[in-house]
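Here is how the chains run, residue by residue.
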Amino acid sequence: MSPPNASSDLRPLALGELIDRAAMFWRAHLKALFTLCLGFDLLNYIAAKVTALMLPQMVAMLDTRGTGDPLTVLREMGRFMGVSVAAWALIIWSYWLATATVARYAVPTRLGEPTTPADGFRRTFARVGTLTGAYVISIGWSMGATLVLCLPGLALGGLGFAAAVSGTHTGLSNAASIALLVGSGLLLALAFLASTLWYFLRFMLLPPVVALENLGAWGSFRRSGELLSGRIEPGFMGRGTVRAMVLSTVVGAMLIAVSTVAGLPVWIVRLMAGGNIFDPAAMAAIPQTLLVPAELFQVVAQTVFTPLGIVVSAFFYLDMRVRREGLDLERRLSEPATSEPSSSVVA
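What you see is a predicted model, and the numbers here were worked out from it, not measured in a lab.

## Concerning the pattern of salt bridges
Here is step 1: The tally for this structure, following the rule as stated, stands at eleven salt bridges.
Here is step 2: Where Arg 122 meets Asp 119, a salt bridge forms, and the shortest distance between an N and an O atom there is 2.4 Å. Placement of both Arg 122 and Asp 119 in helix 4 (residues 117-126) is noted, with a separation of three residues, approximately one turn of the helix.
Here is step 3: In this structure, the salt-bridge partner of Asp 319 is Arg 243, at a minimum N-O distance of 3.6 Å. Placement of the pair is Asp 319 in helix 12 (residues 288-325) and Arg 243 in helix 9 (residues 240-262), with a sequence separation of 76 residues. There is no split in this pair, since Asp 319 and Arg 243 are both buried.

## Things to note about a nonpolar patch on the surface
Here is step 1: Together, Val 261, Leu 264, Ile 268, Leu 271 and Met 272 line one region of the surface with nonpolar side chains, adding up to about 540 Å² of accessible area.
Here is step 2: A per-element tally of the nonpolar patch places helix 10 (residues 264-274) first, with four residues.
Here is step 3: When you line up the elements, Ile 268 lands in helix 10.
Here is step 4: We classify Ile 268 as partly exposed; its relative accessible area is 45%.

## Regarding the side chain of Thr 109
Here is step 1: Position of Thr 109 among the secondary structure elements: in helix 3 (residues 70-110).
Here is step 2: A polar atom in the side chain of Thr 109 sits 2.7 Å from the backbone oxygen of Tyr 105.

## Observations concerning helix 8 (residues 217-228)
Here is step 1: Taking 1.5 Å of rise per residue, the twelve residues of helix 8 would be expected to cover 16 Å, and the 17 Å separating its terminal C-alpha atoms lies within 8% of that figure.
Here is step 2: All buried positions along helix 8 are accounted for by Ala 217, Ser 220, Phe 221, Arg 223, Ser 224, Gly 225, Leu 227 and Leu 228.
Here is step 3: Immediately beyond the C-terminal end of helix 8, within one or two residues, lies Gly 230, with a positive phi of roughly 75°.

## Describing the layout of surface pockets
Rolled over the atoms, a probe with the dimensions of a water molecule shows which regions are left empty.
Here is step 1: For the second largest pocket, the calculated volume is near 380 Å³.
Here is step 2: What lines the second largest pocket is a set of 14 residues, and nearest its centre among them are Trp 88, Ile 139, Ser 142, Met 143 and Thr 146.
Here is step 3: Of all the elements in the fold, those that place two or more residues in the lining of the second largest pocket are helix 3, helix 5 (128-166) and helix 6 (171-202).
Here is step 4: Considering only residue class, the lining of the second largest pocket consists of ten nonpolar, four polar and no charged.

## Quick look at the nonpolar core
Here is step 1: Formed by 57 residues in total, the largest nonpolar core has its most connected members in Leu 33, Trp 96, Leu 247, Phe 315 and Phe 316.
Here is step 2: Of the residues forming this core, the biggest block, eleven residues, is contributed by helix 12.
Here is step 3: In terms of nonpolar packing, the next biggest core, distinct from the first, is built from six residues, Val 266, Val 269, Met 283 and Ala 294 among them.

## Notes on the environment of Met 143
Here is step 1: Secondary-structure assignment places Met 143 in helix 5.
Here is step 2: Taking the C-alpha atoms as reference points, Met 143 and Tyr 199, separated by 56 residues in sequence, lie 9.6 Å from one another.

## Examining the confidence of the model for the chain
Here is step 1: Looking at the chain as a whole, its pLDDT mean stands at 82, while 82% of the residues score no less than 70.
Here is step 2: Long-range and interchain partners of residues 1-5, a stretch whose pLDDT sits below 50, account for 14 contacts in this model, where long-range means more than four residues apart.
Here is step 3: Contacts from residues 338-344, a stretch scored under 50 in pLDDT, to residues over four places away or in other chains number seven contacts.

## A short note on the packing of aromatic side chains
Here is step 1: This structure, assessed with the given rule, holds twelve aromatic pairs.
Here is step 2: Considering the side-chain rings of Phe 25 and Phe 315, the 5.5 Å spacing of their centres and the 70° angle between planes classify their relative orientation as edge-to-face. Of the two residues, Phe 25 is situated in helix 1 (residues 15-28) and Phe 315 in helix 12; the sequence distance between them amounts to 290 residues. Grouping residues by exposure puts Phe 25 and Phe 315 together as buried.
Here is step 3: Linked through ring pairs, Trp 96, Tyr 135, Trp 141, Trp 198, Tyr 199, Phe 200, Phe 203, Trp 218 and Phe 221 together constitute an aromatic cluster.
Here is step 4: Here the guanidinium or amino end of Arg 202 rests over the ring plane of Phe 221, the centre of that ring lying 4.9 Å away.
Here is step 5: Geometry around Trp 267 places Arg 270 over its ring, the cationic atom sitting 4.9 Å from the centre.

Reading guide: rules and limits
Residues numbered from 1 in each chain as written. Predicted model: local features only at pLDDT ≥ 70, side-chain atom pairs only at ≥ 80, totals over all residues. Heavy atoms only, no water. Salt bridge = Lys/Arg side-chain N within 4 Å of Asp/Glu carboxyl O. Helix = DSSP H or I, 4+ residues; strand = E, 2+ residues; numbered from the N terminus. Buried < 20%, exposed > 50% of the residue type's maximum accessible area, 1.4 Å probe, protein only. Patch = residues over 30% accessible without salt bridge, like charges linked within 9 Å, V, L, I, M, F, W, Y side chains within 5 Å. Areas by Shrake-Rupley, 256 points an atom, 1.4 Å probe, with all protein chains shown as cover. Polar contact = N/O pair within 3.5 Å; in protein donor to acceptor, adjacent residues only side chain to side chain. Expected span 1.5 Å × (residues − 1). 1 Å grid on protein atoms, 1.4 Å probe; cavity = no way out; pocket = protein on both sides within 12 Å on 5 of 7 lines; lining within 4 Å. Points joined across faces, edges and corners; volume = space filled by probe spheres on them. Nonpolar A, V, L, I, M, F, W, Y, C, P; charged D, E, K, R; others polar. Core = buried A, V, L, I, M, F, W, Y, C linked by side-chain atoms within 4.5 Å. pLDDT = per-residue confidence, 0-100. Contact = heavy atoms within 4.5 Å. Phe/Tyr/Trp six-rings, centres within 6.5 Å; stacked < 30°, edge-to-face > 60°. Lys NZ or Arg CZ within 6 Å of the ring centre and 35° of its normal.

Encoded structure:
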């Protein structure tokens, strides 16, 4: 069965229908979607690989048991943390580029407009400055949200630290300070997890907006929030954020399952060539000639399925415009008058 592509087929979709149509589109355009995502996934692999190669050296330096130079250890820890943060930022930015590229190909194709994968690349790289600016704004916004979420954990940690340094050092006071510090750690971990999930949920529609609408970085940032906020129909499931959360959870679970299966060759190589997977020295001793091919197999396998999640995001953007702005009615009314693509949908 071929996926529906005509704009006349546009209508509000239930979540199950949206995922089904995204899957149909993904199967019908698998080669083009694979081509669009492969380069970005390889870039992500390189960034993650650089960080992974530095990890054994960092662990060995920390395992000096007091014999190493503290300044050297701190300097190397700072270097490792800097590289890790840079790699993580690069991976998210690369995923945004991939999302914008696929959205620029998927949405016009879904609307029955002529387009090619090259159009997706051209549009993304023409808008890379706007996308990067929106990305920087989103990072700053998420840092503020993370700080707010971390306030309870930081307050609890402050109480625990105060109890530890100013208490009577009895068994009861020591237990209380330890309990406060452990509770602080748990709250901070939950805060970082919540902020990460909030980030991907809040900015789910930002790359499609950048790819498909002629807005600046700040305008795209605000536009994505407007599309996602509020209700689109009665009931709990009528909230845009709830629909986005359900879509992200379902598709994310599918992609995690695929990633787990695709990663089995990597774990087999690690177990057979390294032995103890919890020993950094043993993992570092695994020949890269064995490990890299298995990792590249995982990257290629993931690239086959990664576009499915991006197509879901692109179709969700289209569905939100249909529900909020009557895009389906607008295009049906304009069809007899002109066959040109609507500039309000695809720039």
